[in-house]
Amino acid sequence: MNGTEIALPRRSFGQTMRVDVWWTQPLVVFLGLSPFIIYSTWAAFQGAHYYFGNYVSPFYSPEIFGNSPHSWFGPKPGWWPGVLPFSPALLILWAPGGFRLTCYYYRGAYYKAFWADPPACTVGEPRKTYLGERSFPLIMQNVHRYFLYLALIFILMLAYDVWKSLWFPTGFGIGLGTIVLAINVVLLSGYTFGCHSLRHLIGGFHDQLARSQSCYRAYSCVTCLNQRHMLWAWMSLFWVGFSDLYVRLCSMGIWHDWRIA
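Residues numbered from 1 in each chain as written. Predicted model: local features only at pLDDT ≥ 70, side-chain atom pairs only at ≥ 80, totals over all residues. Heavy atoms only, no water.

A. Structural detail: the pattern of salt bridges. Taken as a whole, this structure holds 2 salt bridges when the rule is applied. The closest approach of N and O atoms between Lys164 and Asp161, which form a salt bridge, is 3.6 Å. Pair noted here: Lys164 and Asp161 are both in helix H4 (residues 144-164), with a separation of 3 residues, about one helical turn. With a relative accessible area of 7%, Asp161 lands in the buried category. For Asp244, the salt bridge is made with Arg248, and the minimal N-O distance between the two is 3.3 Å. Here Arg248 and Asp244 lie together in helix H8 (residues 229-251), a separation of 4 residues that amounts to about one turn. Comparing Asp244 with Arg248, the two get one shared label, buried. (Salt bridge = Lys/Arg side-chain N within 4 Å of Asp/Glu carboxyl O. Helix = DSSP H or I, 4+ residues; strand = E, 2+ residues; numbered from the N terminus. Buried < 20%, exposed > 50% of the residue type's maximum accessible area, 1.4 Å probe, protein only.)

B. Representation of the environment of Leu158 in the model. Along the chain, the position of Leu158 falls in helix H4. For the pair Leu158 and Leu181, spaced 23 residues apart in sequence, the C-alpha separation works out to 8.1 Å.

C. Region of the structure containing a nonpolar patch on the surface. Together, Val21, Trp23, Leu27, Phe30, Leu31, Ile37, Phe114 and Trp115 make up an exposed nonpolar region whose accessible area comes to about 780 Å². You can see Leu27 is positioned in helix H1 (residues 24-46). The partly exposed category is assigned to Leu27, whose relative accessible area is 38%. (Patch = residues over 30% accessible without salt bridge, like charges linked within 9 Å, V, L, I, M, F, W, Y side chains within 5 Å. Areas by Shrake-Rupley, 256 points an atom, 1.4 Å probe, with all protein chains shown as cover.)

D. View of the packing of aromatic side chains. In this structure the tally under the stated criterion is 27 aromatic pairs. Relative to Tyr149, the ring of Tyr146 lies with its centre 6.1 Å away and its plane at 80°, an arrangement referred to as edge-to-face. Of the two residues, Tyr146 and Tyr149 are both situated in helix H4; the distance of 3 residues between them amounts to about one turn of the helix. The partly exposed category is assigned to Tyr149, whose relative accessible area is 37%. With a centroid separation of 5.6 Å and 65° between ring planes, the pair formed by Trp163 and Trp167 is classed as edge-to-face. Cluster of aromatic residues (ring-pair linked, three or more members): Phe65, Trp72, Phe73, Trp79, Trp80 and Phe86. Above the ring of Phe168, the side-chain terminus of Arg259 is found at 3.9 Å from the ring centroid. (Phe/Tyr/Trp six-rings, centres within 6.5 Å; stacked < 30°, edge-to-face > 60°. Lys NZ or Arg CZ within 6 Å of the ring centre and 35° of its normal.)

None of the figures reported here should be taken as evidence of function without further support.
Below, the structure written as structure tokens:
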């Protein structure tokens, strides 16, 4: 080879030689994420109907400040600016939201669906230059590993909410809401514990995992979940939104919580 550089023609936006329906996946992602973003934003700013008895919406848990019995430190603090709307969800949603926003799977999904960066492989994109993820603003995606630590703490808190949902004024019991919140924890755990960063955290510091049986088994478990990371991501996204909706509609008296035991 003589090292001659060959200039390839730049594709215009949407131009491709692909004959398949490449736009299907980004369109489905756009139609799936958009309703969730709209609903979760609306729900977060409501500041009402986020609890029903011993149930509390995962959008509002942990409730650091608020007017419900689940609040840790009482009602709205005095230092909160009066010109800003107050909602307990605004104090905590940045953590799970940041975890999903910087997730390796979601990044690949919304880069295509919302930014068209690129819309699909070998399809022309609107940008002319690419600075990579070592430059602003994409360099901020590298904080994903730190959001993982927060997400693990949130799993424990949501699991405690399931425990609280077992205790009614009449004593121990199981309601349909208990099952809804429990499924939410299972799905969020499958998504969180299959995280690429957790897989690296467990196995990335060892040259030979087989020398540590405990690390090897933990790595294998995370890898098993990671193989279905996209599925866990979508199921947990849908169910966390449904969990909020269930608690909200019960609080509004539209749905009736059915007691199983």
